[in-house]
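Close look at the chain arrangement
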Amino acid sequence: MGSRILICCVLLSIFGLSLAEEVKLSIKGVTSIAKTDDNFICATLDWWPENKCDYNQCPWGKAGIFNLDLDNKILANAIKAFSPLRIRIGGSLQDQILYKVGTSLKKCPHIKKRDGGLFGFSKGCFHMERWDQMNKLFNDTGAKITFGLNALIGRKKSKDVDTLMVGDWYSKNSHDFMKYTASKGYKIDSYELGNELCGSGVSAKIDAEQYGKDIVELKRLVQDVYPDPSTQPKVLGPAGFYDEQWFNTFLQTSGANVVDGLTHHIYNLGAGVDSTLINKIQDPYFLDQIAQTYKDVSTSIKSFGPWAGAWVGEAGGAYNSGGKDVSHTFANGFWYLDQLGMTSTFDHKVFCRQALIGGNYALLNTTTFIPNPDYYGALLWHRLMGKNVLSTSHDSSPYLRVYSHCSKNSAGISVLIINMSNSTSFDISVENDMNLYPEGRTLMEAGEDKIPREEYHLTPKDGNIQSDVLLLNGSPLKLTESSDIPEMNPKLVDASLPIKVAPDSIVFVTIKGLNAPACA
């Protein structure tokens with residue numbers, strides 16, 4: 001009897017292992033469908049102080065701009081690993097920040113909790129000594145910096161419309177800050193005006209026509225402070241949630257060649273306290289709902305601002321600092337990496353993750369600075385996925401998400417595969433949709449000159465998708481003894497074999513030698 005049970009178990013094991021669903025993946029390598037910036041990956045630094053609290057927790061600790069330990073070795077190494085990492089400095093309190101420079105300010109108070117203040121806080125003073133310290137870190141690590149300026153200074157509350165701020169932007173304080181920054185030789189990639197003031201706003205709002213005039217003023221200031229076009233920072237806005245009429249009016253008002261990046265924010269998972277958050281990030285039908293927004297932003301640009309590029313200027317998934325049991329775990333990669341793939345197909349140039357550090361959704365642990373799983377996913381994307389986006393399709397499960405780009409630093413293509421299913425594995429064969437091979441013959445069978453395929457399989461420790469320990473090809477990713485980011489070496493696989501994708505896993509694949517004219 002015991003031997004029969006053993007045989008049955010063995011047969012079930014063998015049968016179970018053979019249940020992988022075979023998938024043919026079609027990649028059109030003749031032409032690209034979109035292009036990202038070379039530095040598509042971006043992460044944010046925020047102004048939140050220690051007493052920023054939501055849902056009876058205060059997850060920011062000393063990770064805000066005022067308190068962050070800029071000498072932390074892990075922080076420096078984490079930024080340096082991207083070579084470069086694009087960093088956006090901004091956030092909800094951005095329009096409360098005053099710059100202690102020049103002669104335009106009579107008072108420059110410390111930021112503190114205040115009933116009736118924007119987001120519950122008072123205005124706060126940013127000293128140039130702190131800015132000097134930050135730029136030492138940025139210079140040492142080669143970061144590319146976007147700085148978000150205070151767009152509310154000088155305005156007053158409307159007497160007729162709740163939350164509407166009226167009047168022209170008082171730009172003198174920002175102008176003084178920009179002149180100081182330039183005089184010190186600090187490199188700024190772009191300046192952004194205001195935070196979440198468009199459309200209906202979050203805690204305050206500005207009319208589209210007024211904001212359009214203000215962004216023209218910012219462009220003038222940038223040209224004044226940085227007269228050399230080759231080193232002139234870009235101008236970004238409006239840094240808020242997409243509203244079609246507002247965005248279109250803003251682009252028409254500001255006019256040609258003023259806005260370089262049209263920035264919008266994404267928090268499509270809802271509140272961080274939502275008990276269904278873990279389900280949402282594994283639901284492809286839910287994740288697809290945001291695609292219309294990406295398409296609409298691209299349409300606004302084509303119709304009213306073809307000189308500008310679309311940026312996701314801030315995206316944390318779940319708002320109010322993220323979900324404490326989800327947003328820093330392996331599972332969040334289902335949302336994050338899928339968003340990277342999706343936005344790139346809609347011709348977005350940059351995707352800024354909220355946050356590099358701070359809150360529950362940070363790429364680095366808020367207290368230890370140790371990288372969370374999404375940090376490594378972002379780093380692999382940055383290193384492997386080039387700027388040319390390729391059309392990719394399959395007719396298998398919607399829980400299998402696949403995106404492909406020309407490879408970043410080698411001939412061929414790089415593919416991102418996300419398996420959100422917790423029960424189905426896939427054997428994927430890639431077809432180069434160019435009619436180069438006889439009917440029914442896949443790229444794998446063609447052999448591609450027998451160049452081994454490079455595979456990076458990401459899985460959670462112990463199969464627990466809510467773990468914050470990430471395995472690469474079966475081994476945990478850990479900082480080195482000197483606090484350096486570990487090497488992330490691929491597994492080399494015979495290119496004629498299918499790509500084997502386990503349940504609840506994320507896989508990056510680089511296929512070299514593929515004849516894809518779009519990648520030439």
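In this convention, every chain numbers its residues from 1, walking through the sequence in written order. Predicted model: local features are reported for residues with pLDDT of at least 70 only, side-chain atom pairs are reported and counted for 80 or more only, and whole-chain, interface and lining totals are derived from all residues. Each side-chain value is derived from all of the structure's non-hydrogen atoms; neither hydrogens nor water enter the calculation.

For clarity, the threshold we go by: UniProt positions are given in the numbering used here, feature names are shortened, and annotations may be inferred rather than shown by experiment.
The name given to the protein in an unreviewed UniProt entry is Heparanase-like protein 2, with Penstemon smallii as the source organism. What UniProt states about the protein under its Function (unreviewed entry) heading is, verbatim, "Endoglycosidase which is a cell surface and extracellular matrix-degrading enzyme. Cleaves heparan sulfate proteoglycans (HSPGs) into heparan sulfate side chains and core proteoglycans." As recorded by UniProt, the Sequence similarities (unreviewed entry) comment attached to the protein reads in full: "Belongs to the glycosyl hydrolase 79 family."

Points about helix α4 (residues 172–183)
For clarity, the threshold we go by: Here a helix means four or more residues in a row that DSSP labels H or I, a strand means two or more in a row labelled E, and each is numbered from the N terminus. Helices are assigned an expected span. That span is 1.5 Å times one less than the residue count. Think of it in three bands: residues with accessible area under 20% of the maximum for their type are buried, residues over 50% are exposed, and the middle band is partly exposed, with areas taken using a 1.4 Å probe on protein chains only. We call two residues contacting when some pair of their heavy atoms lies within 4.5 Å.
The terminal C-alpha atoms of α4 lie 16 Å apart, and with twelve residues this matches the ideal 16 Å at 1.5 Å per residue to within 8%. Where α4 is concerned, the buried positions are Asn173, Ser174, His175, Asp176, Phe177, Met178, Tyr180 and Thr181. For α4, the secondary structure elements touched by its buried residues are β5 (97–100), β6 (124–127), α3 (128–141), β7 (144–149), β10 (190–193) and α5 (208–225). One or two positions beyond α4, positive phi appears at Gly185, with a value near 80 degrees.

Here we look at the environment of Gln354
The line we're drawing: Throughout this description, a polar contact denotes any pair of N or O atoms lying within 3.5 Å of each other; where both atoms belong to protein, one of them has to be capable of donating a hydrogen while the other can accept it, and for residues adjacent in sequence the pair is counted only when both atoms sit in side chains.
By the secondary structure assignment, Gln354 is in the loop between β16 (348–353) and α11 (373–384). Taking C-alpha positions, Gln354 is 8.3 Å from Gly317, a pair spaced 37 residues apart along the chain. Polar contacts involving the side chain of Gln354 include one to the side chain of Thr44, which spans 2.4 Å.

Section: the pattern of salt bridges
Put simply, the rule reads: A carboxyl oxygen of Asp or Glu within 4 Å of a side-chain nitrogen of Lys or Arg is what we treat as a salt bridge.
Considering all chains together, one arrives at 24 salt bridges under this definition. A salt bridge links Lys136 to Asp140, with the shortest nitrogen-to-oxygen separation between them at 2.9 Å. Placement of both Lys136 and Asp140 in helix α3 is noted, with a separation of four residues, approximately one turn of the helix. Owing to a relative accessible area of 48%, Asp140 belongs among the partly exposed residues under this scheme. In this structure, the salt-bridge partner of Asp176 is Lys179, at a minimum N-O distance of 3.7 Å.

Considerations on the sheet that holds β7
Note: strands within a sheet are paired through backbone hydrogen bonds, in either parallel or antiparallel orientation. Note the cut-off: When DSSP locates at least two bridges between a pair of strands, those strands are taken to pair. Axes, fitted as lines to C-alpha atoms, cover a helix only where it is in contact. Angles between the N-to-C directions of the axes lie from 0 to 180 degrees.
Judged by pairing direction, the barrel is parallel, and its eight strands sit side by side in the order β3-β4-β7-β10-β11-β12-β14-β16 before closing back on the first. Adjacent strand axes in the sheet meet at a mean angle of 25 degrees, parallel and antiparallel pairs treated alike. Alignment of β7 against β10, held across four bridges, turns out to be parallel. Bridging from a neighbouring strand, Thr146 pairs with Ser190 of β10. Across the sheet, α3 is in contact with β3 (41–45), β4 (86–89) and β7; its angle to β4 comes to roughly 165 degrees.

Focus: a nonpolar patch on the surface
Under the convention used in this document: Patches here are clusters of residues that have more than 30% relative accessible area and form no salt bridge, with a 9 Å joining cutoff for like charges and a 5 Å cutoff for nonpolar side chains (Val, Leu, Ile, Met, Phe, Trp, Tyr). To measure how exposed things are, a 1.4 Å probe is used in the Shrake-Rupley method; for residues, cover is taken only from the protein chains shown.
Judged by side-chain polarity, Tyr55, Val273 and Tyr319 come together as a nonpolar surface patch covering roughly 280 Å² of accessible area. Turning to its location among the elements, Tyr319 is positioned in strand β15 (residues 318–319).

Overview of the pairing of strand β12 (residues 261–266)
Our working definition: Note on handedness: a crossover is taken as right-handed if, strands pointing away from the viewer, the path from the first strand over the helix to the second is clockwise.
Of all six residues making up β12, six are buried, and the element is well covered by its neighbours. Burial along β12 is two-sided: Gly261, Thr263 and His265 facing one way and Leu262, His264 and Ile266 facing the other are all buried. Here four bridges tie strand β11 (residues 234–240) to β12, and the two strands are oriented parallel to one another. Paired with Gly237 across the two strands is Leu262, which belongs to β12. Of the crossover connections in this fold, the one passing from β11 over helix α6 (residues 244–254) to the parallel β12 is right-handed. Examined bridge by bridge, β12 and strand β14 (residues 309–315) share six bridges and lie parallel to one another. Bridged to Leu262 within β14 is Ala310.

Quick word on the layout of surface pockets
Our working rule: Using protein atoms alone on a 1 Å grid, points that fit a 1.4 Å probe yet trap it form a cavity, whereas open point sets bounded by protein on both sides within 12 Å along at least five of seven lines form a pocket; residues with an atom within 4 Å of a point count as lining. Grid points are joined across faces, edges and corners, and a volume is the space filled by probe spheres set on the points. Each residue gets one of three labels, nonpolar for Ala, Val, Leu, Ile, Met, Phe, Trp, Tyr, Cys and Pro, charged for Asp, Glu, Lys and Arg, and polar for the others, Gly among them.
When its volume is computed, the largest pocket comes out at roughly 570 Å³. Lining the largest pocket are 28 residues, with Gln96, Leu118, Lys123, Lys157 and Met165 positioned closest to its centre. Looking at the lining of the largest pocket, its residues break down into 13 nonpolar, eight polar and seven charged.

A word on the environment of Trp48
Structurally, Trp48 can be placed in the loop between β3 and α2 (73–80). For Trp48, a relative accessible area of 6% corresponds to the buried category. Counting along the chain gives 18 residues from Trp48 to Phe66, while the straight-line C-alpha distance between them is 8.1 Å.

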